[in-house]
Each structure stands twice: as C-alpha cells, then as structure tokens.
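Coordinate analysis (summary)
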Amino acid sequence: MSFSQYHVQKPFLELIVKTSTDLPEDVEQALQDALARADQDSPEAEALETMLANVALARSKRLPLCQDTGMLLFDITSPPEIPRTELQAAAEAAVAEATELGVLRQNCVNSLTGKNTGNNLGYGCPIFHWQEGEPGVIQAALMLKGGGSENVCTQYSLPDSSLNAGRDLDGVRACVLDAIWRAQGRGCAPGILGVAIGGDRATGYEESKRQLFRRIGQRSPHPELAQLEERLVAEANQLGIGPMGFGGKTTVLDILIGWRCRLPASYFVSISYMCWCCRRQTMTIPLQ
Ligand code: SF4
C-alpha cells in the first residue's frame, strides 16, 4: 500500500465540492414529496419550490447550496498504517483550496479576536472524527452544518417536570416535540432531527449529530426507536409550522434517533437540528 498526502487531497476536494453543491438525492426526494403534499399556491408550496430551484441551480452551476458554509465535520475511517496527521493535513489543504475556489465561503472566525481566518481553518475547525478501518481503503464522510440550524439544537436533562417528561421513551418524545415547537421554523425548516438518548452532555450531542449521516427514511434497527421515529415525524408534521415557519403540512423531513449508555444519575436527550439544506456526502478512497 502506498500513501501520499497529495494522493488523498484531490479526492477530499471532490468530496467538499460535492457536499457543498449537490444536495443528497434522498433529501431532495423528501423535499419533492413535501411539495406533492402541500396545498397548491400556498406559502408552503412556494417555499419548497424555491428550495428545489436552488438545489437544481447549485448542482448545475457547481455553486454552494447556501451562503452559510457551515461547520465542516469530517468522519474518517482509515487503515491503522495511514498516519492520521497526514490525512488531516490533506483534508485541511483541500478545505483551503475549496475556499480559494469559492466553493466554501470564508466562514471560520477566531472566537477571541473576532477575525475571520480567511480559509475555513483554525483551532477546532474543521471537526474530525476518526475510526480505524480495513486495510487498503479510506472511507470519508463530510457534513456541512449551518449556524442557523446549529443555534436551535438543544439538550434536555430528564426528568423534566415542566414537560412532564420522565426517563423513558415518552419523556424523549416530549423533548423532541418541545424542541420542534420552540424552533418554530427557525433553523430553516423543514428540518431533520438527529436525537441521542443518553451519553454525557458532550457525547450526547456528538451521537445526535452522527444520526444526521443516516439517509432519510432509514429507520433505527431497534424496533422501539423505529416506532418512535415514525410516530414523531407524523406528530411533528401536525404542528402546522411548515417550511421556514410559513405554515403547512411538512415541518420535519425525518427524525433519526440513536442512543448511548449513560450514568445512573443522568438521562440526557440531545437534539441536533439540521436544516432542509442537509449537506452530507461520503466517499471511498482506494489506496493502491
Ligand atoms: S440553517 Fe441551513 S439553509 Fe439556513 S442559512 Fe444556515 S445553512 Fe443555510
């Protein structure tokens, strides 16, 4: 097996371009389905038509789907022989190149100075998650998550008497519906919710974000969670909030629930809200 930073920089750049400009087909199909359900000439239909026109334009012109580049999250599975520092350097070089090309807007701000770093790189940006995989191949996934949707992510600690939510799936259901109601279309609805039951505060959010890599309609392998996902999608779409909060039949495109073990003293429900512009793609990079 041979490896060079250059060998993977180009595929990383392709992954970034695809993620930034090409909405995954399952998300686009979910928007089409929402449009088919919407009342003709309603604000909901108009909003969905605008989103779908934007999707087609971005794809054909290879332009960013949204002006908000979002936080870049790489999830990389690589063989143990490949040094992660070199892989990270290749991915970061690709991010800088994509910024130079205008595929990513300059969107990374130094939190102490308030200055834009100019190339989407800086301490903590992008985010990298690593897994060890089989020899001979690198699997890379990328998500771009916008600030508007990140701002309406939330976390609950159960029990919560204000929601009448105990430490069970009924309590989880109450949290999810509360989060959607509070968002009220902010975060560029219709959204996709990644939910994590358990973990600690940090890993709960991490797990909830990981769920957003699942395809729309891919149900949990746990029957009780799959049932809850379907029930919550139906209930959320009866709230009438609709795309961008304009009212309508589709407030969420899907709800994806995962879990982690927890401490006896804690029961967190962490909710990551993803906007309709759900930019995530994966790529396999073979190593010759
Ligand atoms: S929330 Fe999503 S669609 Fe809205 S501005 Fe941010 S990235 Fe764009």
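See the structure shown above.
Brief notes about the overall build of the chain
- Of regular secondary structure, the chain possesses 8 helices and 8 strands.
- Compactness check: the chain gives a C-alpha radius of gyration of 19 Å against a globular reference of 19 Å for 288 residues, within 12% of the reference.
- Relative to its 288 residues, the chain shows a buried fraction of 40%.

Notes on the sheet that holds strand β1 (residues 71-78)
- The strand order across the open sheet built from 4 strands is β2-β1-β3-β8, with neighbouring strands paired in mixed fashion. Each end of this open sheet is capped by a strand with a single partner; those strands are β2 (127-132) and β8 (279-286). Between one strand and the next, the sheet's axes are offset by a mean angle of 15°, whatever the strand orientation.
- Bridge count between strand β3 (residues 137-145) and β8: 8 bridges; the pairing is antiparallel. Residue pairing for β8: Val-137 is matched across the bridge by Pro-286.
- Sheet contacts for helix α1 (residues 5-21): β3 and β8; angle to β8, the most-contacted strand, approximately 160°.

Quick word on helix α2 (residues 25-37)
- The first and last C-alpha atoms of α2 sit 18 Å apart over 13 residues, in line with the 18 Å expected at 1.5 Å per residue.
- Residues of α2 that are buried include every one of Val-27, Ala-30, Leu-31 and Ala-34, and no others. Seen end-on, α2 carries its buried residues on one side only, within an arc spanning 100°. Relative to its buried face, α2 has exposed residues pointing more than 90 degrees away, namely Glu-25 and Ala-36.
- Buried residues belonging to α2 abut α3 (43-61) and β6 (252-259).

A look at the pairing of β1
- The pairing of β1 with β3 spans 7 bridges and is classified as antiparallel. Considered in β3, the bridge of Ile-76 is made with Ala-140.
- Summarising the sheet, β1 and β2 pair through 6 bridges and their orientation is parallel. Bridging across to β2, Asp-75 finds its partner in His-129.
- Remark: the β1/helix α4 (residues 84-100)/β2 crossover connection has right-handed handedness.

Focus: the sheet that holds strand β5 (residues 191-197)
- One open sheet accounts for 4 strands, arranged β4-β7-β5-β6; its pairing is mixed. Each edge of the open sheet carries a strand with a single partner, namely β4 (154-157) and β6. Along the sheet, successive strands turn relative to each other by an average axial angle of 15°, direction set aside.
- Helix-sheet contacts for helix α6 (residues 169-183) involve β4, β5, β6 and β7 (268-274), and the interaxial angle to β7 is about 35°.

Here's the deal with the environment of Ile-285
- Checked against the element boundaries, Ile-285 lands in strand β8.
- Along the sequence, Ile-285 and Phe-74 sit 211 residues apart, while their C-alpha atoms lie 14 Å from each other.
- Ignoring anything within four residues of it in the chain, the contact list for Ile-285 reads Val-8, Pro-11, Val-137, Ile-138 and Ala-140.

Looking at the nonpolar core
- By size, the foremost hydrophobic cluster in this structure holds 71 residues, and its most contacted members are Ile-16 and Val-176.
- Setting aside residues no more than four positions away along its own chain, Ile-16 makes contact with Ala-94, Val-95, Ala-98, Val-103, Leu-104 and Leu-142.

Quick word on helix α8 (residues 223-236)
- Under the 1.5 Å per step criterion, the end-to-end length of α8 is 20 Å for 14 residues, consistent within 8% with the ideal 20 Å.
- All of the buried residues along α8 are Leu-228, Glu-229, Leu-232 and Ala-236. On an axial view of α8, the arc spanned by its buried residues comes to 105°, and they lie on one face. The outward face of α8, more than 90 degrees from its buried face, is lined by the exposed residues Pro-223 and Ala-234.
- Turning to α8, the residues buried within the fold contact α6 and β6.

Regarding the packing of α6 against α8
- Close contact between α6 and α8 brings their axes to 11 Å; oriented N to C, the two are set at 35°. You can see that α6 and α8 cross each other, and the crossing is right-handed. Only Glu-224, Leu-228, Leu-232, Glu-235 and Ala-236 of α8 make contact with α6, whose side of the interface consists of Leu-169, Val-172, Arg-173, Val-176, Leu-177 and Ile-180.

Cut-off values and rules
- Residues numbered from 1 in each chain as written.
- Predicted model: local features only at pLDDT ≥ 70, side-chain atom pairs only at ≥ 80, totals over all residues.
- Helix = DSSP H or I, 4+ residues; strand = E, 2+ residues; numbered from the N terminus.
- Rg over C-alpha atoms; globule rule 2.2 N^0.38 Å.
- Buried ≥ 20, exposed ≤ 12 C-beta atoms within 10 Å, placed from the backbone.
- Pairing = 2+ DSSP bridges.
- Axes fitted to C-alpha atoms, helices over the stretch in contact; angles between N-to-C directions.
- Contact = placed C-beta atoms within 7 Å.
- Expected span 1.5 Å × (residues − 1).
- Arc of directions from axis to C-beta.
- Right-handed = clockwise from strand over helix to strand, strands pointing away.
- Core = buried A, V, L, I, M, F, W, Y, C linked by C-beta atoms within 7 Å.
- Left-handed = near helix turned anticlockwise from the far one by under 90°.

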